[in-house]
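A structural walkthrough
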Amino acid sequence: EDKVVQSPLSLVVHEGDTVTLNCSYEVTNFRSLLWYKQEKKAPTFLFMLTSSGIEKKSGRLSSILDKKELFSILNITATQTGDSAVYLCAVDDRGSTLGRLYFGRGTQLTVWP
Amino acid sequence: DSGVTQTPKHLITATGQRVTLRCSPRSGDLSVYWYQQSLDQGLQFLIQYYNGEERAKGNILERFSAQQFPDLHSELNLSSLELGDSALYFCASSAKARVGGEKLFFGSGTQLSVL
């Protein structure tokens, strides 16, 4: 059973659209939630969230965490073709094996010109 | 560029064979993590080493083994390969022993194809 569930699995939009990616999780002892962007190969770090309600922003990307409802969203405004990638959500479970991050299966975002 | 180096980039081999994947972590990072990514499974944690010692174990098969050397580079050995082992294998590094509160830096991965 997946501990981290991302939705939608796939999303196709046009440039300029705003998208919202969802990540819900179920872990014993939450420590942090991380968002990664995976283009061709290596996932690259976007955000790390540890506290509820605090929005993290980087340019057109922003993310917020709701620890009570056990989910996070990643927003991308004014999308560009360069935003096309798989977006991965990962959760650090303090109660799990040391060093283990639970990854979701990702949301494949495709931005058409 | 994350600073994590993986070789080779691509590997094509036959069933039953053995391969070795290599990873050099970012300068100064003591932890190395191995992940397997397949189309239907997403990123699966295999194993973690910290400063030469095995720190955590995930869904790693008995046919797979890893080690971290004194210079902190790591190798993942996959033996008796099966078709289902075809996947992208990532190495990631971090400075600390515990991933919590710290981001991982991923290498570009080794694409393994077992024919």
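Let us look at the structure shown here.

Basis of the calculations
- Residues numbered from 1 in each chain as written.
- Chains lettered and ligands numbered in written order.
- Predicted model: local features only at pLDDT ≥ 70, side-chain atom pairs only at ≥ 80, totals over all residues.
- Heavy atoms only, no water.
- Pairing = 2+ DSSP bridges.
- Helix = DSSP H or I, 4+ residues; strand = E, 2+ residues; numbered from the N terminus.
- Axes fitted to C-alpha atoms, helices over the stretch in contact; angles between N-to-C directions.
- Phe/Tyr/Trp six-rings, centres within 6.5 Å; stacked < 30°, edge-to-face > 60°.
- Buried < 20%, exposed > 50% of the residue type's maximum accessible area, 1.4 Å probe, protein only.
- Lys NZ or Arg CZ within 6 Å of the ring centre and 35° of its normal.

Looking at the sheet that holds strand β1 (residues 5-7) of chain B
Residues and elements named next belong to chain B. Ordered in space as β1-β3-β8-β7, the 4 strands form an open sheet in which the pairing is antiparallel. Whereas interior strands pair on both sides, the edge strands pair on one side only; in this sheet they are β1 and β7 (64-68). Ignoring which end each strand starts from, the neighbouring axes of this sheet average 15° apart. As defined by bridge partners, strand β3 (residues 19-24) adjoins strand β8 (residues 74-78) across 5 bridges and the pair is classed as antiparallel. Bridge pairing in β8 links leucine 21 to leucine 76.

Concerning the packing of aromatic side chains
Taken as a whole and judged by the stated rule, the model has 10 aromatic pairs over all chains. Ring centres of tyrosine 36 of chain A and phenylalanine 103 of chain A lie 6.0 Å apart, and the angle between their planes is 45°; on these two criteria the pair is classed as tilted. Note that tyrosine 36 of chain A is positioned in strand β4 (residues 30-38) and phenylalanine 103 of chain A in strand β10 (residues 101-103), a separation of 67 residues in sequence. Grouping residues by exposure puts tyrosine 36 of chain A and phenylalanine 103 of chain A together as buried. Judged by centre distance (5.4 Å) and plane angle (85°), the rings of phenylalanine 103 of chain A and tyrosine 35 of chain B are edge-to-face. Taken together, the residues phenylalanine 103 of chain A in strand β10 and tyrosine 35 of chain B in strand β4 (residues 31-38) connect one chain to another. According to the relative accessible area criterion, phenylalanine 103 of chain A is buried, its value standing at 10%. Looking at tyrosine 35 of chain B, the relative accessible area reads 0%, which means it is buried. Within the aromatic cluster, the residues linked to one another by ring pairs are Tyr36, Phe45 and Phe103 of chain A together with Tyr35, Phe45, Phe90 and Phe106 of chain B. Stacked on the ring of tyrosine 102 of chain A, the Lys or Arg lysine 3 of chain A has its end atom at 5.3 Å from the ring centre. Geometry around phenylalanine 105 of chain B places arginine 26 of chain B over its ring, the cationic atom sitting 3.6 Å from the centre.

Distances and angles like these do not, on their own, reveal function.
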